[in-house]
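Understanding the architecture of this molecule
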Amino acid sequence: MANVIAIAGKGGVGKTTLGGMLIQTMCQEGKRPILAVDADANSNLNEVLGVDVEMTLGDVRETVLHDADKLDKSIPSGMTKADYTEMMLQRCLAEEDDFDLLVMGRSQGQGCYCYVNGLLQAQLAKLVPNYRYVIVDNEAGMEHISRGILPKVDTILLVSDCSRRGVQAAGRISELIKECNLNPTTVGLIVNRAPDGQLNAGTKDEIEKQGLTLLGVVPQDEQVYEYDCEGRPTSALPEDSPVRLALNEIIKKLDI
């Protein structure tokens, strides 16, 4: 069975950036094959990884539900609609040398995300057994985990910035994990964008108050900001990047 690692936390704390760099670092250490899953409707894990995505599950949803005429005209002679839909779903998997990427994507306009979530759940059920590791970049909160979209979760990485609100959000997610009886082997906190890689007393106190296990602190790094502004994948940061070095130490602690 694959080792499933889920990344969660409140919005804007750098989950996707850390997730992409975690995937890249694990690949370099030979921890593969990896299925990377962008389970955020506002998908951009592919940009962090430098991967072009041909189709998302959200695109399939729009085609099936709202473009029936176009769908019927596109189906080759002798192929059923179900088979053609399955072929589209296979195109949602971007295959790289060391990892594959599945992107949930979003529905267009108004509407419920239940259909897309259902597609994601079904695809994961088929794909997960084929990989040694599955790394899931979740949207803010715990929806995909609490709704049972993931078949299981072995490791949950809670990401926060240095703010009390970020740590408190991580604490609430930690409580939800217990309520959902997920029973992961490891639940730990990563504090991101810490000035000089240090936490002040207030942040340390809040981590203790929330009963969180601190896995590591990732320093603020202007190079990450520069890469993002230039449209360069942050997973390609140099080996001596303070962010990459900090993540290396965290991975050692995880023992995965």
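First, a word on scope: everything that follows refers to the structure included in this document. (Residues numbered from 1 in each chain as written. Predicted model: local features only at pLDDT ≥ 70, side-chain atom pairs only at ≥ 80, totals over all residues. Heavy atoms only, no water.)

**Brief notes about the side chain of Lys31**
By the secondary structure assignment, Lys31 is in the loop between helix H1 (15–28) and strand E2 (34–39). Of the side chains bearing the opposite charge, Glu29 lies closest to the buried Lys31, which forms no salt bridge; the N-O distance is 4.4 Å. Looking at Lys31, its side chain comes within polar contact range of the main-chain oxygen of Ile256, at 2.6 Å. When residues no more than four places from it in sequence are discounted, the contact partners of Lys31 are Met26, Arg132, Tyr133, Ile251 and Ile256. (Helix = DSSP H or I, 4+ residues; strand = E, 2+ residues; numbered from the N terminus. Buried < 20%, exposed > 50% of the residue type's maximum accessible area, 1.4 Å probe, protein only. Lys, Arg positive; Asp, Glu negative; His and termini not counted. Salt bridge = Lys/Arg side-chain N within 4 Å of Asp/Glu carboxyl O. Polar contact = N/O pair within 3.5 Å; in protein donor to acceptor, adjacent residues only side chain to side chain. Contact = heavy atoms within 4.5 Å.)

**Quick word on helix H11 (residues 242–254)**
Given a rise of 1.5 Å per residue, 13 residues ought to cover 18 Å, and the 19 Å separating the end C-alpha atoms of H11 matches this to within 8%. In this fold, the buried residues of H11 make contact with H1, strand E6 (155–160), strand E7 (186–194), strand E8 (214–219) and helix H10 (222–229). In the segment just after H11, Asp255 is the residue with positive phi, at about 55 degrees. (Expected span 1.5 Å × (residues − 1).)

**Concerning unusual backbone geometry**
The linkage connecting Arg32 with the following residue, Pro33, adopts the cis geometry, with an omega of 10 degrees. Relative to the helices and strands, Pro33 is located in the loop between H1 and E2. Despite not being glycine, Asn181 shows a phi value in the positive range, around 55 degrees. As for its position among the elements, Asn181 is in the loop between helix H8 (164–179) and E7. Of note, the phi angle at Asp196 is positive, near 60 degrees, even though the residue is not glycine. Tracing the backbone through its elements, the reader meets Asp196 in the loop between E7 and helix H9 (201–209). The exposed category is assigned to Asp196, whose relative accessible area is 74%.

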